[in-house]
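These are the residues of each chain, in order.
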Amino acid sequence: MSFFSEALWVLLLGSLLGLELIGKVPPTLHTPLMSGANAISGITMLAALTLIIKSGENLPLLIIGSISLGFALFNVIGGFLVTDRMLAMFSRKKTRK
Amino acid sequence: MTFIGPIKFAIDLLAVLLLALGIKGLSKVRSAREANRLAAIAMLLAAFGVLMNSQGTIGISINSWVWIISGTLIGGLLGAITAKKVPMTAMPEIVALFNGCGGMSSLLVALGVALFPSSEGSDGVASELVKNFSIVVSLFVGAITFSGSIVAMAKLQGWLSTPSWTQSKARHFFNILCAALALIGGIYLSIDGQNGLFLIVVASCLLGIGVTLPIGGADMPVVISLLNSYSGVAAAAAGFVVGSQLLIVAGAMVGAAGLILTQVMCDGMNRSLVSVLFGGALGTSSVASGGGGGEYTNITSCSPEECALTLEAAERVVIVPGYGLAVAQAQHTLREVTRVLESADIEVTYAIHPVAGRMPGHMNVLLAEADVPYEQLKEMDVINPEFPATDVVLVLGANDVVNPQAKNDQTSPLYGMPVLDVQEARTVFVVKRGMSAGYSGIKNDLFDLQNTSMVFGDAKKVLGDLLLELKELGVGSKG
């Protein structure tokens, strides 16, 4: 039971942290923030990695894991790049001024 | 090899710290870009940690490497290409698409573990019941996130319309049925770890569709934000499944932060989360009840030429960009028009309603793309007192956010929504494709006012004509 109870604490504290992190967001940043947070939710790639590593020679599982990893990385890499593209437009204005 | 454990632990801690700093930094304009990179580095670190730890403890077979690398390359490349290619106007769709894929990933992990239970368990991940329950949650939330996000994307792209049955009571029945089936499947799976697996997946997918399909275009950002929060929850659930605390923390943070962001968006649109989710598309329902209806009696329309003449004589112009501008992708043409005006010493500012564009903050991104200086963008609270001192307001494809009913008419469904007081300005031009109602389906009293003129046409075309007229008048050419 120890992992489970520890994990529940982690879940609780992580949620509280998440609630605290975003206090006031200027409307300008709603879209980038959403897309950035979205990229972070692709952290399931770690679960997909673990799945592949532990599946040994089990081919169907390897395939499932690999597809899952692909989806997650699509989310992560796409998410971060698109967020960066948006934010780059804001910062360009700043430096030129 | 005993020091691998502590190193992995340290990497995980560092990754969590960077992720938290990343989310925090993303909520401030100054630090946002660095914060985004910080979060990306954190993810890279975390992945490295997992690989290193596994290599050092149980080893990673060549076979696994092949599958890891191929999955990474295909997913990563497609993601990178999509991110580079997508036009800024399609941002809401693309966030929904990415989000759906994150949900799919969690779903697949849980599916893999559920189908082949033997592969897992070396961690001693608590009891069978707990593990099965985690799988159920991961499947359920992952499936809803996936199907909901894909429907959201399809609706925003215009591939899907709102079927009429979804506006009736039938959809509640449908959704409750799906939820009940998913619950039954979940209970089965929790108990014996085998049966009910596909029942959950199918029923949750249908539930995601059933909940998202009735929601109208302008509410969609709220839904995407909520689904984004769900994908965090799905990640946390996957963390329980594979026994990764890092996953749980990150998932929980995104889940909670997404919830806050959703709430902030709802506040900006004067909508409650409950009404977004269960109220259906505002448009259809309010037209049916006739709320805020009535005919237009005093519409003045004019040509771009007249509009240009008035603009030439103005000293202070405020642009109100809206959804229509975003859809017409007219932000670059708009920028050219404002350049001409500025060169004639006409003061130009932009009034940005909190929910302008297709998603809160989207308009800022679009205007930034078109090189509009950041300082010229004024938020609603700042610009509202300035309208009485404004000569010309140019409303471009915005409707509900400039409807005075929201202030004056207590019976209007819009009543109480924060709006831009454009009617206070001396002259208002509304560029609009036709007299169709805005997203809310409500008549806009602004169009009937004496000082309002309609310029009919697609925003991009009208702005193009306006630009020609202004140049013909010689505006700005002397300066």
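Up top is the structure.
Residues numbered from 1 in each chain as written. Chains lettered and ligands numbered in written order. Predicted model: local features only at pLDDT ≥ 70, side-chain atom pairs only at ≥ 80, totals over all residues. Heavy atoms only, no water.

Before we go on, may I ask you to explain the overall build of chain A in this structure?
Secondary structure assignment for chain A yields four helices and zero strands. Ordered by position from N to C terminus, the α and β elements of chain A give α-α-α-α. Computed over its C-alpha atoms, the radius of gyration of chain A comes to 18 Å, more than 25% above the 13 Å expected for a compact globule of 97 residues. Projected onto its principal axes, the C-alpha positions of chain A cover 60 × 30 × 15 Å. Evaluated residue by residue, chain A yields a buried proportion of 62% over its 97 residues. Contacts spanning at least 24 positions in sequence make up 67% of the contacts within chain A whose residues lie at least 6 apart. Counting only carbon and sulfur atoms, one obtains 71% of the accessible surface of chain A, whose full area is about 3,500 Å². Counting 8 positive and 4 negative side-chain charges, chain A places the centres of these two groups 25 Å from one another. (Helix = DSSP H or I, 4+ residues; strand = E, 2+ residues; numbered from the N terminus. Rg over C-alpha atoms; globule rule 2.2 N^0.38 Å. Buried < 20%, exposed > 50% of the residue type's maximum accessible area, 1.4 Å probe, protein only. Contact = heavy atoms within 4.5 Å. Areas by Shrake-Rupley, 256 points an atom, 1.4 Å probe, with all protein chains shown as cover. Lys, Arg positive; Asp, Glu negative; His and termini not counted. Charge placed at Lys NZ, Arg CZ, Asp CG, Glu CD.)

Help me understand the overall build of chain B, please; the structure alone is not making it clear to me.
Summing up its helical and strand segments, chain B has 18 helices and six strands in all. In chain B, buried positions account for 56% of the 479 residues. In chain B, the proportion of contacts linking residues at least 24 apart, taken out of those at least 6 apart, comes to 78%. Total accessible area on chain B stands at roughly 18,900 Å², and carbon and sulfur atoms take up 65% of it.

Whenever I open this one, the side chain of Ser66(A) confuses me. Can you help?
Tracing the chain through its elements places Ser66(A) in helix α4 (residues 59-96). In this structure Ser66(A) comes out as buried when scored by relative accessible area, which is 7%. Here the side chain of Ser66(A) touches Trp67(B) through a polar contact of 3.0 Å, landing on its backbone oxygen. Not counting residues within four places of it along the chain, the set of residues in contact with Ser66(A) comprises Ile52(A), Trp67(B), Ser70(B) and Gly71(B). (Polar contact = N/O pair within 3.5 Å; in protein donor to acceptor, adjacent residues only side chain to side chain.)

It is not clear to me how the packing of aromatic side chains should be interpreted in this structure. Could you clarify?
The way to describe two aromatic rings as a pair is by their centre distance and the angle between their planes. Overall, the coordinates contain one aromatic pair over all chains when judged by the stated rule. Taking 5.1 Å as the distance between ring centres and 65° as the angle between the ring planes, the aromatic pair formed by Phe74(A) and Phe98(B) counts as edge-to-face. Separated into two different chains, Phe74(A) in helix α4 and Phe98(B) in helix α4 (residues 91-115) make up a pair that spans both. Neither Phe74(A) nor Phe98(B) differs from the other in exposure class; each is buried. (Phe/Tyr/Trp six-rings, centres within 6.5 Å; stacked < 30°, edge-to-face > 60°.)

Teacher, can you tell me more about the interface of chain A and chain B here?
Reports of interface size often rely on the accessible area that becomes lost once the parts have come together. In this complex, chain A contributes 85 residues to the contact, which on the side of chain B involves 110 residues. When the area that chain A buries against chain B is broken down by residue, the three leading residues are Met34(A), Ile53(A) and Phe74(A), summing to 9%. Seen at the junction of chain A and chain B, the total is two salt bridges. Between Arg37(B) and Asp84(A) there is a salt bridge whose closest N-O contact spans 3.8 Å. Among the secondary structure elements, those contributing two or more residues to the side of chain A that touches chain B are α1 (2-21), α2 (30-40), α3 (45-54) and α4 of chain A. At 36 residues, α4(A) tops the list of elements feeding residues into the side of chain A that touches chain B. (Buried area = accessible area lost by both parts, 1.4 Å probe. Salt bridge = Lys/Arg side-chain N within 4 Å of Asp/Glu carboxyl O.)

Sorry, what's going on with the sheet that holds strand β2 (residues 347-352) of chain B here?
Adjacent strands of a sheet form backbone hydrogen bonds with each other and so pair up, either parallel or antiparallel. Residues and elements named next belong to chain B. The six strands lie next to each other as β3-β2-β1-β4-β5-β6, forming an open sheet whose pairing is parallel. The outermost strands of the open sheet, each flanked by one partner alone, are β3 (377-379) and β6 (452-456). Taken pair by pair, the neighbouring strands of this sheet meet at an average axis angle of 25°, ignoring direction. Judged from the five bridges that link them, strand β1 (residues 316-321) and strand β4 (residues 392-396) form a sheet pairing that is parallel. Within β4, the residue paired with Val320 across the bridge is Val395. In the packing of helix α12 (residues 304-313) onto the sheet, the strands contacted are β1, β4, β5 (427-432) and β6, and the crossing angle to β5 comes to about 145°. (Pairing = 2+ DSSP bridges. Axes fitted to C-alpha atoms, helices over the stretch in contact; angles between N-to-C directions.)

Is there a simple way to think about the state of the cysteines in this case?
Such a bond, covalent and formed between the sulfur atoms of two cysteines, is termed a disulfide. All names here are of chain B. Enumeration over the complete set of coordinates arrives at zero disulfides over all chains. Cysteine Cys205 remains unbridged, with the sulfur of Cys178 as its closest cysteine sulfur at 10 Å. Cysteine Cys307 is unpaired, with the sulfur of Cys302 as its nearest cysteine sulfur at 5.7 Å. (Disulfide = S-S within 2.5 Å.)

I'm lost on helix α15 (residues 362-369) of chain B in this one. Help?
In an α-helix there are 3.6 residues to a turn, and that puts residues three or four apart on one side. Counting buried positions along α15(B) yields seven of eight residues, so the element is predominantly enclosed. Of all the positions in α15(B), only His362(B), Met363(B), Asn364(B), Val365(B), Leu366(B), Leu367(B) and Ala368(B) are classed as buried.

Help me understand the pattern of salt bridges in this model?
When the charged atoms of two side chains lie near each other, side chains of opposite charge can form a pair. Residues and elements named next belong to chain B. In this structure the tally under the stated criterion is nine salt bridges over all chains. Among the salt bridges present, the one from Arg426 reaches Asp391, with a minimum N-O distance of 2.8 Å. Within this pair, whereas Arg426 is found in the loop between α17 (405-408) and β5, its partner Asp391 is found in the loop between α16 (380-383) and β4, the two being separated by 35 residues in sequence. Residue class for Asp391 comes out buried when judged on its relative accessible area of 12%. Ionic contacts of the salt-bridge type, sharing partners, join the residues Arg316, Glu347, Lys378 and Glu386 into one network.

Before we go on, may I ask you to explain the packing of helix α5 (residues 128-157) of chain B against helix α8 (residues 220-242) of chain B in this structure?
For any two helices packed against each other, the geometry comes down to the angle between their axes and how far apart the axes lie. Residues and elements named next belong to chain B. Where α5 meets α8, the closest approach of the two axes is 8 Å, and the angle between their N-to-C directions is 155°. When the axis of α5 is compared with that of α8, the two are roughly antiparallel. Of the two elements, α5 crosses α8, and the hand of that crossing is left-handed. Partitioned by chemical class, the residues of the contact of α5 with α8 number 16 nonpolar, seven polar and two charged. (Parallel < 35°, antiparallel > 145°, perpendicular 65-115°, else oblique. Left-handed = near helix turned anticlockwise from the far one by under 90°. Nonpolar A, V, L, I, M, F, W, Y, C, P; charged D, E, K, R; others polar.)

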